[in-house]
Amino acid sequence: MHRLIAAIAASIAFAASSWAAENVTLIHAGQLLAFPGESPGRNQTIVVEDGRITDVRNGFVEAASIDGGATVIDLRDKFVLPGLMDMHVHLQFELGPDNDRDSLKMSDQLMQMRSVYYAMNTLKAGFTTVRDVGSSPQEMYAMRDAINNGWIDGPRIIAAGGVGITGGHADVSGVSPELMEIYTSQNICDGPYDCRRAARNAIKYGADLIKITSTGGVMTDRATGTGQQMEMDELREVVQAAARMGRKVASHAHHEDGIVAALEAGVASIEHGSYTGPRAIKLFNETGAYLVPTLLAGKTVATLAVEADFMSDVVKMKAIRVGNDMAGNFEKAHKAGVNIAFGTDSGISPHGTNAEEAALMVEAGMSEMDVIVAATINAADLIDMSDSLGTIEGGKFADIIAVDRSPLENIEELLDVDFVMKGGTVYKQ
Ligand SMILES: [Zn+2]
């Protein structure tokens, strides 16, 4: 009997080792930024097995030296770095003159198909992980799960469930009352207990995190400003209800009163943070919360407000004011040592142009290295995935990209990503 068990064990072991050998990929990297924040290395080999990085070795390891052989990917003339991560996208949407017509004419199913296309544009641009902070939640959870199951291709998605107050930035605007009634989310709440319910409800249906809007927003088609909207008791209840179930909270916020209130309530990140001033900076540094700057959104809406003609007057006014103030305040926050995680608000800008944010961050005084840290290590920390994402080292997911020349010398290299691997699968080469 024990001989039979031994034979089975041996055949399993043989199957396992031959399986592993078939799945070894060696990436020969001419320059390798394995740990953003540290100097890149030269002529190294990344060993990838079953979707994960198992080792990084000096020199170019030959396929013949691997038991059972290996696939070699030649990136000897490239600059290799971890997959980029965008902490603020809206994969179901792309701002433009046809938005109103589309939402009346397109089925939810067709919109979902279109978001698969937007997700693929994002992945091909080198963004292997995104945090979607505002889409029809059930559809985004489905897309997240379908990608994780390998049924469709796309970046890893961390999907938010939105909680907002009646008439606030997260609530529906700019359509007839009849349509507003249809489109109003179950997670629109008023008062602390109702907002507690809404946060729990979002988690019940699949939210990885809660997205709130402590201030008004630019794209809300109502003249309700961009100052604080949620009350302190509502903010605290959402953060506490989320924390009890192991979820973080991200808050959209423009004016400083709303940034300060959200930080006092304990949110993990402030989105946009357009008017981050001294009071907010102090709280950011005390709490360690991240600022997700979305400079690209500010630039895009300020430009569209002048050049295009589909925004209402109230939206245009907010867009020009906030859009033009963002970069200067971001510069002050960064200089004061605030933690920054990369985020674009893509969907406001076209999906796949995410790296334009990196150029804007450099323009606003951030070093190229700090920008890459924000888009890798810091982003991984914000979503609590530092153990599997953000660097190129043994044990992490094989999320790896490559560009022609060093983005540490010219950040615009990130606009033209030549190679994309996610979880060991090559999506662009
Ligand atoms: Zn957004």
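Quick look at the state of the cysteines
A disulfide bridge is the covalent bond that connects two cysteines by way of their sulfur atoms. The tally for this structure, following the rule as stated, stands at one disulfide. Disulfide pairing is shown between Cys189 and Cys195; the S-S distance is 2.2 Å. Taking the torsion about the S-S bond as the criterion, the Cys189 to Cys195 disulfide, at about 90°, is right-handed. We classify Cys189 as buried; its relative accessible area is 0%.

A short note on the sheet that holds strand β3 (residues 52-58)
If you walk across this open sheet you meet the seven strands as β3-β2-β1-β4-β15-β16-β17, and the pairing is mixed. Both outer strands of the open sheet, β3 and β17 (425-428), are each paired with one neighbouring strand and no more. The mean inter-strand angle of the sheet, taken between neighbouring strand axes irrespective of direction, is 35°. Strand direction decides the pairing type here: strand β16 (residues 419-422) and β17, joined by three bridges, are antiparallel. Looking across to β17, one finds that Val420 is bridged to Lys428. Of the strands in this sheet, β16 and β17 touch helix α3 (residues 108-124), which is tilted by about 95° from β17.

What about helix α10 (residues 295-307)?
Between its first and last C-alpha atoms α10 spans 18 Å; for 13 residues at 1.5 Å apiece the expected length is 18 Å, and the two agree. Among the residues making up α10, those that are buried are Leu295, Leu296, Ala297, Gly298, Thr300, Val301, Ala302 and Ala305. Buried residues along α10 sit in contact with α11 (313-335) and α12 (356-363).

Side note on the environment of Val163
Within the secondary structure, Val163 sits in the loop between β7 (156-162) and β8 (164-165). On a C-alpha basis, the gap between Val163 and Ala198 in space is 6.2 Å, while along the polypeptide they are 35 residues apart.

Focus: the side chain of Arg144
With respect to the element layout, Arg144 can be found in helix α4 (residues 137-148). Within the structure, the side chain of Arg144 is placed 2.8 Å from the backbone oxygen of Gly206, a separation counted as a polar contact.

Quick look at the sheet that holds strand β13 (residues 290-292)
The strands that make up a sheet are held in pairs by hydrogen bonds between backbone atoms, and each pair lies either parallel or antiparallel. The strand order across the open sheet built from eight strands is β5-β6-β7-β10-β11-β12-β13-β14, with neighbouring strands paired in parallel fashion. Of all the strands in the sheet, just β5 (84-89) and β14 (339-340) have a single pairing partner and so form its edges. Relative to strand β12 (residues 269-272), strand β11 (residues 248-253) runs parallel, the two sharing four bridges. Bridged to Ala253 within β12 is His272.

Remarks on the pattern of salt bridges
In the structure shown here, the tally under the stated rule is 19 salt bridges. Among the salt bridges present, the one from Asp194 reaches Arg197, with a minimum N-O distance of 2.9 Å. Here Asp194 and its partner Arg197 are both found in helix α6 (residues 192-204), three residues apart, which amounts to about one turn of the helix. For Arg197, a relative accessible area of 36% translates into the label partly exposed. We note a salt bridge from Lys248 to Asp384, for which the minimum N-O separation is 3.1 Å. Here Asp384 lies in the loop between α14 (377-382) and β15 (400-403) and Lys248 lies in strand β11, a separation of 136 residues in the sequence. Three or more residues are tied together by salt bridges with common partners; here these are Asp98, Arg101, Asp102 and Arg114.

As for a nonpolar patch on the surface
There is a patch of nonpolar side chains on the surface, built from Leu104, Ile182 and Tyr183 and spanning about 360 Å² of accessible area. Residue position: Tyr183 is located in helix α5 (residues 177-183).

Comments concerning the packing of α10 against α12
Relative orientation of the contacting elements α10 and α12 amounts to 95°, with a least axis distance of 8 Å. When the axis of α10 is compared with that of α12, the two are roughly perpendicular. In contact with Leu295, Leu296 and Lys299 of α10, α12 contributes Glu356, Glu357, Leu360 and Met361. Its residues placed into classes, the contact of α10 with α12 shows four nonpolar, no polar and three charged.

Considerations on the coordination of the zinc ion
Summarising the metal site, the zinc ion is bound by the protein donors His88 (NE2), His90 (NE2) and Asp345 (OD), whose distances to it range over 2.0 to 2.3 Å. Here the donor residues for the zinc ion map to a single chain with the spacing H-x1-H-x254-D. A residue pair is termed long-range when its members are at least 10 positions apart, and His90 in the loop between β5 and α2 (99-105) and Asp345 in the loop between β14 and α12 qualify at 255 residues. Like His90, the residue Asp345 is buried in the burial classification.

Focus: the packing of α3 against α4
Running from amino to carboxyl end, α3 crosses α4 at an angle of 45°, the nearest separation of the two axes being 11 Å. Accordingly, the angle class assigned to the pair α3 and α4 is oblique. When you trace α3 past α4, the crossing you get is right-handed. On α4, the residues touching Asp108, Gln112, Ser115, Val116 and Ala119 of α3 are Glu139, Ala142 and Met143.

Calculation rules
- Residues numbered from 1 in each chain as written.
- Predicted model: local features only at pLDDT ≥ 70, side-chain atom pairs only at ≥ 80, totals over all residues.
- Heavy atoms only, no water.
- Disulfide = S-S within 2.5 Å.
- Buried < 20%, exposed > 50% of the residue type's maximum accessible area, 1.4 Å probe, protein only.
- Pairing = 2+ DSSP bridges.
- Helix = DSSP H or I, 4+ residues; strand = E, 2+ residues; numbered from the N terminus.
- Axes fitted to C-alpha atoms, helices over the stretch in contact; angles between N-to-C directions.
- Contact = heavy atoms within 4.5 Å.
- Expected span 1.5 Å × (residues − 1).
- Polar contact = N/O pair within 3.5 Å; in protein donor to acceptor, adjacent residues only side chain to side chain.
- Salt bridge = Lys/Arg side-chain N within 4 Å of Asp/Glu carboxyl O.
- Patch = residues over 30% accessible without salt bridge, like charges linked within 9 Å, V, L, I, M, F, W, Y side chains within 5 Å.
- Areas by Shrake-Rupley, 256 points an atom, 1.4 Å probe, with all protein chains shown as cover.
- Parallel < 35°, antiparallel > 145°, perpendicular 65-115°, else oblique.
- Nonpolar A, V, L, I, M, F, W, Y, C, P; charged D, E, K, R; others polar.
- Donors = N, O, S within 2.8 Å, 3.2 Å for Na, K, Ca; no water.
- Left-handed = near helix turned anticlockwise from the far one by under 90°.

Read these as layout, nothing more, since geometry by itself doesn't imply function.
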